[in-house]
Amino acid sequence: MYAQKFNVNVVIRGVAKPCPLEWLDQFCMRNFTNAAEFDDTLPIADGRVETSFRLTSERFAEGLVVWLTQRGKGEGQPVIVQVTPLESNPKPAPIK
C-alpha cells in the first residue's frame, strides 16, 4: 500500500528543517481536501512520509503548503515545502 517514500522539509523564515512528525501526522489524518489521493499516507518520522503511487510529491507539497500556512506555522510568512521522493525499492545492478 505504501509504495513510495518522501523526504519532506519546510522552510520557515529562510531556515530549512525536516517537517515535524506532529505536523505531518495532523495533515495526513485531518486532511482538508477530502481528496482520495491523501487517504494512503503514513508519516513515519520527522521529514519522512510513505504514500501510495496515487499521490505525487508535487501534490503532497501543494496541499501541505496551504495547510501549514493556514494554521500559522510560518510565523506570519508563507511556508515553503520541499518534497523529494526517496527511492523505495533500489533496482539491482544489471548482470553482465
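Look up: the structure comes first, before these words.
Residues numbered from 1 in each chain as written. Predicted model: local features only at pLDDT ≥ 70, side-chain atom pairs only at ≥ 80, totals over all residues. Heavy atoms only, no water.

A closer look at the pairing of strand β4 (residues 48-51)
Here comes step 1: Here strand β1 (residues 4-12) runs beside β4; their pairing, made up of four bridges, is antiparallel. Across the sheet, Asn 7 pairs through a bridge with Arg 48, a residue of β4.
Here comes step 2: Looking at chain direction, strand β3 (residues 41-45) and β4 are connected through four bridges and run antiparallel. Note on β4: the bridge partner recorded for Pro 43 is Val 49.
Here comes step 3: Counted along the chain from β3 to the antiparallel partner β4, the turn is two residues long, and its residue Gly 47 has a positive phi close to 75°. (Pairing = 2+ DSSP bridges. Helix = DSSP H or I, 4+ residues; strand = E, 2+ residues; numbered from the N terminus.)

Here we look at the pattern of salt bridges
Close approach of charged atoms allows side chains of opposite charge to pair.
Here comes step 1: With the rule as written, the count across this model stands at four salt bridges.
Here comes step 2: Between Arg 13 and Glu 75 there is a salt bridge, with the nearest N and O atoms lying 3.3 Å from each other. Residue Arg 13 is located in the loop between β1 and β2 (15-18), and its partner Glu 75 is located in the loop between α2 (57-70) and β5 (80-86); the two are separated by 62 residues in the primary sequence.
Here comes step 3: Its salt-bridge partner being Asp 40, residue Arg 54 comes within 3.1 Å of it at the nearest N-O pair. Of this pair, Arg 54 sits in the loop between β4 and α2 while Asp 40 sits in the loop between α1 (21-29) and β3, and the two are 14 residues apart along the sequence.
Here comes step 4: By relative accessible area, which is 44% here, Arg 54 ends up partly exposed.
Here comes step 5: For Asp 40, a relative accessible area of 18% translates into the label buried. (Salt bridge = Lys/Arg side-chain N within 4 Å of Asp/Glu carboxyl O. Buried < 20%, exposed > 50% of the residue type's maximum accessible area, 1.4 Å probe, protein only.)

The quantities given are spatial measurements derived from coordinates; they are silent on function.
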